[in-house]
Amino acid sequence: MTVSDSSPNSPWHSFPRKVWRTGLKWIADLRVAIALLLLIAVFSILGTVIEQGSTIQFYQENYPEDPALLGFLSWKVLLGLGLDHVYTTWWYLVLLLAFGVSLIACTFRRQLPALKTARNWNYYSQARQFNKLALSTELDHGSLQSLKPQLEKKRYKIFQDGEKLYARKGIVGRIGPIIVHIGMIVTLVGSIWGAFGGFMAQEMIPSGVNFKVNNVFKAGIFSESDRPWSVNVNRFWIDYTPTGDIDQFYSDLSVVDDQGQELERKTISVNHPLRYDGITFYQTSWSIGGVQVQLNNSPIFQLPAAQIPTENGAKLWGSWVPIKPDMSAGVSILMQDLQGSAIVYNEQGELVGAVRVGDRLDVGDISLKLVDLVGSTGLQIKADPGVPVVYTGFLLVMVGVVMSYVSYSQVWALAAGDRFYLGGKTNRAQVAFERELLEIINTLETSSAQATPENTLTSIEQ
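Reading the values: rules and limits
Residues numbered from 1 in each chain as written. Predicted model: local features only at pLDDT ≥ 70, side-chain atom pairs only at ≥ 80, totals over all residues. Heavy atoms only, no water. Helix = DSSP H or I, 4+ residues; strand = E, 2+ residues; numbered from the N terminus. Buried < 20%, exposed > 50% of the residue type's maximum accessible area, 1.4 Å probe, protein only. Contact = heavy atoms within 4.5 Å. Pairing = 2+ DSSP bridges. Core = buried A, V, L, I, M, F, W, Y, C linked by side-chain atoms within 4.5 Å. Phe/Tyr/Trp six-rings, centres within 6.5 Å; stacked < 30°, edge-to-face > 60°. Lys NZ or Arg CZ within 6 Å of the ring centre and 35° of its normal. Axes fitted to C-alpha atoms, helices over the stretch in contact; angles between N-to-C directions. Parallel < 35°, antiparallel > 145°, perpendicular 65-115°, else oblique. Left-handed = near helix turned anticlockwise from the far one by under 90°. Nonpolar A, V, L, I, M, F, W, Y, C, P; charged D, E, K, R; others polar.

*Asks:* Please give an account of the environment of Ser74 that cites residues and values.
*Replies:* Mapped onto the fold, Ser74 is located in the loop between α3 (56-62) and α4 (75-81). On the basis of relative accessibility, which here comes to 7%, the residue Ser74 falls in the buried class. The spacing of Ser74 and Gln60 is 14 residues in sequence and 8.0 Å in space, taken between C-alpha atoms. Once you skip the residues sitting within four places of it in the chain, Ser74 turns out to touch Tyr63, Pro64, Glu65 and Ala68.

Set out below in structure tokens:
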């Protein structure tokens, strides 16, 4: 009969703890964290270079199998690896989580113990203890009472026990790396939250039209684009330079509720978006959405316009205007921009003439008036709930980096009989600390009535 070893000291009981400690030690290794960060950077760059969220036809045209980009990157490989949506793939999220776990493990295994060690101090009670310091001296004369004002002047926090003294400053420098780690973790959380809860959409909306966000082409699994409000495009217009080039284009947008009451209004342009309810509307492009005409004394009516492809890539829009009630005949109107002019062609493709907004043109027995050209605004719409969290993380990282540059300096002193021992160390700015301590030593010597030239600095170990 075999009896299993169920003792708490059994190797079988200690095995999980050993595996846990080994794994924790490995994930907390700085080299592992750097490797994970490099991988995240590489794939983030790929997500920037490779168009994200496009159609299969787009990738087939731009990443053919023969010849494949770099010899292997075809559209099948790209889609198979998820490089068309890098930031929401499982392996990218695993990298983010692993990096976050590495930062947390490093914080608890290295940074917090280092901070605890910095806060736990002890007095030096023997002269030989000063020998291990980077900078130490032995004086014939000196006292803790004359040393304390000098340290206070240098903003040291002082602790004293009889003839023993300990002073420190710059402990915030030990807290800085912890703040950096917290900031990076917060940034990762914000990035993941934005990937799962955000969306992107594009809309091309004519002036005077109310719309809701519908044309979503990229969305996280927890995103929600439906809102209890809609957007009015009150007006879209373009400012042109004297040479006819586009200077800037604008959209006057209003956010309205279900009853049509205006909640927010702003005129947006490139680099000046509208932000409302966690959604940002960017001005990105434009088009000609329609044309308003009047035939003889008829009511003004609006006809849609469509962009016409050209060989040289020039922008050209066209619309067809019926000139008979049964729509058996009509003319074509072509427009290049929103500066108020158009060209009219008859059914045979012959040029009838050019007309400007507000003017009339005779087409047979019909007087055609060009009332207006209706512009359409191209909007990119983005929602990223993780942005405030990411910004908070960036702020914490910057604050932590600044704090990390603060030197953590320590000073010990001991008055033993007629001997006075003084020494200290710092984690950075070694030269500045040595000058500071030498200044204190010189002040102590000059303030002593019995000081002699030979009783200055007796030993400096660097």
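*Asks:* For the sheet that holds strand β13 (residues 306-307), give the residues involved together with the corresponding values.
*Replies:* The strand order across the open sheet built from five strands is β13-β14-β15-β16-β17, with neighbouring strands paired in antiparallel fashion. What marks the edges here is a single partner per strand, and that holds for β13 and β17 (351-356). Where strand β15 (residues 330-335) meets strand β16 (residues 341-345), three bridges bridge the pair, whose relative direction is antiparallel. Within the sheet, the bridge partner assigned to Ile333 lies in β16 and is Val344.

*Asks:* Any details on the nonpolar core? Residues and values, ideally.
*Replies:* Counting residues in each nonpolar core, the largest one holds 25 residues, and the members touching the most others are Trp286, Val321 and Met335. Only β7 (229-240), β11 (279-295), β14 (317-322), β15, β16, β18 (360-363) and β19 (366-383) provide two or more residues apiece to this core. Here the element with the most residues in this core is β11; it accounts for five residues. Here Met335 is in contact with Ile288, Val291, Ala305, Leu316, Trp317, Gly318, Ser319, Ser341, Ala342 and Leu373, once residues within four sequence places are set aside. Within the second largest apolar cluster, 24 residues are counted, among which are Trp75, Phe99, Ala105 and Ile192.

*Asks:* Give a detailed account of the side chain of Thr280, specifying residues and quantitative values.
*Replies:* One can find Thr280 in strand β11. Setting aside residues no more than four positions away along its own chain, Thr280 makes contact with Pro273, Leu274, Arg275, Gln380, Ile381 and Lys382.

*Asks:* Tell me what's going on with the environment of Ile268, and back it up with residues and numbers.
*Replies:* Considering the arrangement of structural elements, one finds Ile268 in strand β9 (residues 262-269). Residues Ile268 and Phe236 lie 32 residues apart in sequence; the distance between their C-alpha atoms is 9.7 Å. Those residues in contact with Ile268, other than ones at most four positions away along the chain, are Phe249, Tyr250, Ser251, Leu253, Pro273, Leu274, Phe281, Tyr282, Gln283 and Leu379.

*Asks:* Tell me about the pairing of β17, and please be specific about residues and values.
*Replies:* Two elements, β16 and β17, share five bridges in a ladder whose sense is antiparallel. Within the sheet, the bridge partner assigned to Ile343 lies in β17 and is Ala354. Between the end of β16 and the start of β17, which pair antiparallel, lie five residues, with Gly349 showing a positive phi angle near 80°.

*Asks:* Please provide a residue-by-residue account of the packing of aromatic side chains, values included.
*Replies:* A full pass over the atoms with the stated rule returns 16 aromatic pairs. Ring plane angle 55° and centroid distance 6.4 Å describe the contact between Phe236 and Phe249, whose orientation is recorded as tilted. In this pair, Phe236 is assigned in strand β7 and Phe249 in strand β8 (residues 246-257), connecting sequence segments 13 residues apart. Among the residues examined, Phe236 registers a relative accessible area of 6% and is labelled buried. A connected cluster of aromatic rings, assembled from ring pairs, spans Tyr124, Phe130, Phe159, Tyr166, Trp412 and Tyr421. For Arg235, the ring lying beneath its charged end belongs to Trp237, and the centroid distance is 4.3 Å.

*Asks:* Summarise the packing of helix α7 (residues 172-197) against helix α8 (residues 387-404); cite the residues concerned and give the values.
*Replies:* The contact between α7 and α8 brings their axes to 7 Å, and the two run at 165°. In this view, α7 runs roughly antiparallel relative to α8, as classed from their interaxial angle. Remark: the crossing between α7 and α8 carries left-handed chirality. In the contact of α7 with α8, the residues fall into 16 nonpolar, nine polar and no charged.

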